[in-house]
Amino acid sequence: MTKLLLCGLLLAILFVGIASSALYIDSYSVVPEVLVPGQEGAITFAIKNVIPPGSTSTAQLEDVQVFFAAPKGLTYKSQSPFIVGSIPVGGSALVSIPFKVNPDAKGGAITAPFFVSMKEEKELKTLNVVIRVSNPAILSLSSDKQTIASTETINLTILNDGGVATRATLKIDQSSKFSLLGKTTIYLGEIKDKLVVEVPIDARKADEGVSSIPFIITYIDEAGNTLTETKMLPIAIKKEKADVVFTQLSSVIAAKSNKLVLSVKNTGRPLEDFKVFLEDQNIKSKESNQVRLGSLAAGQEKEFSFEVFADVQPGVHQAAMRLRWVEDDVEKEQTISIPIVVQSDAKTAIFVDAKPAPLTVGGEHTLSILVSNIGSYKINNVEVLLNASEAFDVLNAQASQYIGGLEADDFSTVQYKVRVRAKQAGTYPILVNVKYKDQSGQWINDNSRIDLLVRGVEESKGQNNLLFVGAGAIVLIGAALYWFKFRKKK
């Protein structure tokens, strides 16, 4: 009997929980558990009149009401307050509030508060209901070209009929026979409604005919979740007549003379009297634009080169070339585009001036460091760094200074306050580091060693006095000439 009473008491405690009054709000439910914008649902919970442990009260709850106001993203389909009325001891009342998720609601969690009041009770009971809204992006792809060659750039259109996708990236499944030309990933940013992006496709390993490119799009949805989707884009591949693959073996610098070294591999039938003509308007041949390679057996690979001048912006350039060969005793010809990676000729020059001049042992001076862009193209995010050395202390609060962008032949100056640590006169170096991004997107560090002449204190004073005496002498001589000339005329 004692055990039964103890069990009953424990069940009562678990049922009621920690409560200071007879009103108890049971756990809520949301149906459906996850909703999408525009969908309707209902919030349901029970209000109970329970007897707290140790209490003998038999009073019923009077004038019970539920107050609520729709949070952002929701619309309630019933009016506040919800009238419950009286709840007898041990009784309960079920509250059900229908709602609708607004069509413009964002994905994530929406907290909906409910407040329960009753007669002669000033304190309100609060219930916070969490409603989960899912609004993933709904993406679809299309291309401006239905047929592509082995290497080609398409305008890829991405439509989004769902929630906003942010920090999106695009790549191609590595297990496929397709790849991006010159890169592995394309940054898309935000996909709200429609986005058009240029995508360079390398289909040299793909089979001729209709195939599908597996694009992988990774993004963050409105709820902050990282999602990855694979979208297939049907495309027709039309191979060149000659089954050859070109590979760039040397670097090409923009606005400079270069030796462009390439290799060609025959992946198809044997070719005879194979010739390559460079006919590009931007990567121009400086000597002969023709290379004769002779016969190319199936699977054979040969190297060749052109002396060229790259009059083109840094990046991937599709160089126009013409191929001519003999196959089955028939002369054939074909014009193709070969992707050539062109690098920037970015370079900076450093010039230093001091005030006051000259630099003296133990003195404090302002060094003006002029950074000049001597390359052919603009550089961005230019930052200058001057570190302390054995001969000089840098007195600035920060060793690095930001300049920004510099056009070709442009310059900018930064100042550093320095103290000469050197104890003797002589020539001492400073190291200046310039960090910047070139037009191809690569970060470059230019390190320059500049030798500065430091004079002794007495030597510096002597020079200043000599300059003063010399200047005074010039003034006196000028005054004498003026006096004699005008006196003679008078």
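Keep in mind it's a predicted model, so treat the numbers as computed, not measured.

### Digging into empty space enclosed by the protein
Under the defined criterion, the tally for this structure stands at 1 cavity of 30 Å³ or more. Roughly 30 Å³ of volume is contained in the largest cavity. Lining the largest cavity are Leu367, Leu386, Asn387, Ser389, Phe392, Val394, Val418 and Ile430. Taken together, the residues of the lining of the largest cavity sort by class into 6 nonpolar, 2 polar and no charged.

### Description of the packing of aromatic side chains
Scanning the model with the defined rule gives 7 aromatic pairs in all. Judged by centre distance (6.4 Å) and plane angle (35°), the ring pair of Phe274 and Trp325 falls under tilted. Placement of Phe274 in strand E23 (residues 271–278) and of Trp325 in strand E27 (residues 315–327) is noted, with a sequence separation of 51 residues between them. Overall, the relative accessible area of 0% leaves Phe274 in the buried class. An aromatic cluster of at least three residues, connected via ring pairs, comprises Phe45, Phe68, Tyr76 and Phe114. Lying across the ring of Phe277, Arg322 places its NZ or CZ 4.3 Å from the centre. Looking at Lys435, its charged tip hangs above the ring of Trp443, at a distance of 5.1 Å from the centre.

### Description of the layout of surface pockets
Computed from the structure, the largest pocket encloses a volume of approximately 310 Å³. Taken together, 17 residues make up the lining of the largest pocket; nearest its centre are Ile172, Gln174, Phe178, Ser179 and Leu180. Elements represented by at least two residues in the lining of the largest pocket include exactly strand E14 (165–172) and strand E15 (179–180). Within the lining of the largest pocket, the residues separate by chemical class into 5 nonpolar, 5 polar and 7 charged.

### Notes on the pairing of strand E26 (residues 301–310)
Bridge count for strand E22 (residues 257–266) against E26 is 9 bridges, and the pairing is antiparallel. Counted as the bridge partner of Leu260 is Phe306 from E26.

### Observations regarding the side chain of Asp345
Its place among the elements puts Asp345 in the loop between strand E28 (330–343) and strand E29 (348–355). Although Asp345 lies buried, it forms no salt bridge, and the closest oppositely charged side chain, Lys256, sits 5.4 Å away as judged by the N-O distance. Separated by 2.7 Å, the side chains of Asp345 and Ser376 make a polar contact. Setting aside its immediate chain neighbours within four residues, Asp345 contacts Ile253, Ala254, Ala255, Lys256, Gly375, Ser376 and Tyr377.

### Quick word on the environment of Asp438
Among the secondary structure elements, Asp438 is positioned in the loop between strand E36 (426–437) and strand E37 (443–455). Among the residues examined, Asp438 registers a relative accessible area of 3% and is labelled buried. C-alpha separation for the pair Asp438 and Tyr377, spaced 61 residues apart in sequence, amounts to 7.8 Å. Beyond its immediate chain neighbours, meaning those up to four positions away, Asp438 contacts Ser344, Ala346 and Ile444.

The rules behind these values
Residues numbered from 1 in each chain as written. Predicted model: local features only at pLDDT ≥ 70, side-chain atom pairs only at ≥ 80, totals over all residues. Heavy atoms only, no water. 1 Å grid on protein atoms, 1.4 Å probe; cavity = no way out; pocket = protein on both sides within 12 Å on 5 of 7 lines; lining within 4 Å. Points joined across faces, edges and corners; volume = space filled by probe spheres on them. Nonpolar A, V, L, I, M, F, W, Y, C, P; charged D, E, K, R; others polar. Phe/Tyr/Trp six-rings, centres within 6.5 Å; stacked < 30°, edge-to-face > 60°. Helix = DSSP H or I, 4+ residues; strand = E, 2+ residues; numbered from the N terminus. Buried < 20%, exposed > 50% of the residue type's maximum accessible area, 1.4 Å probe, protein only. Lys NZ or Arg CZ within 6 Å of the ring centre and 35° of its normal. Pairing = 2+ DSSP bridges. Lys, Arg positive; Asp, Glu negative; His and termini not counted. Salt bridge = Lys/Arg side-chain N within 4 Å of Asp/Glu carboxyl O. Polar contact = N/O pair within 3.5 Å; in protein donor to acceptor, adjacent residues only side chain to side chain. Contact = heavy atoms within 4.5 Å.

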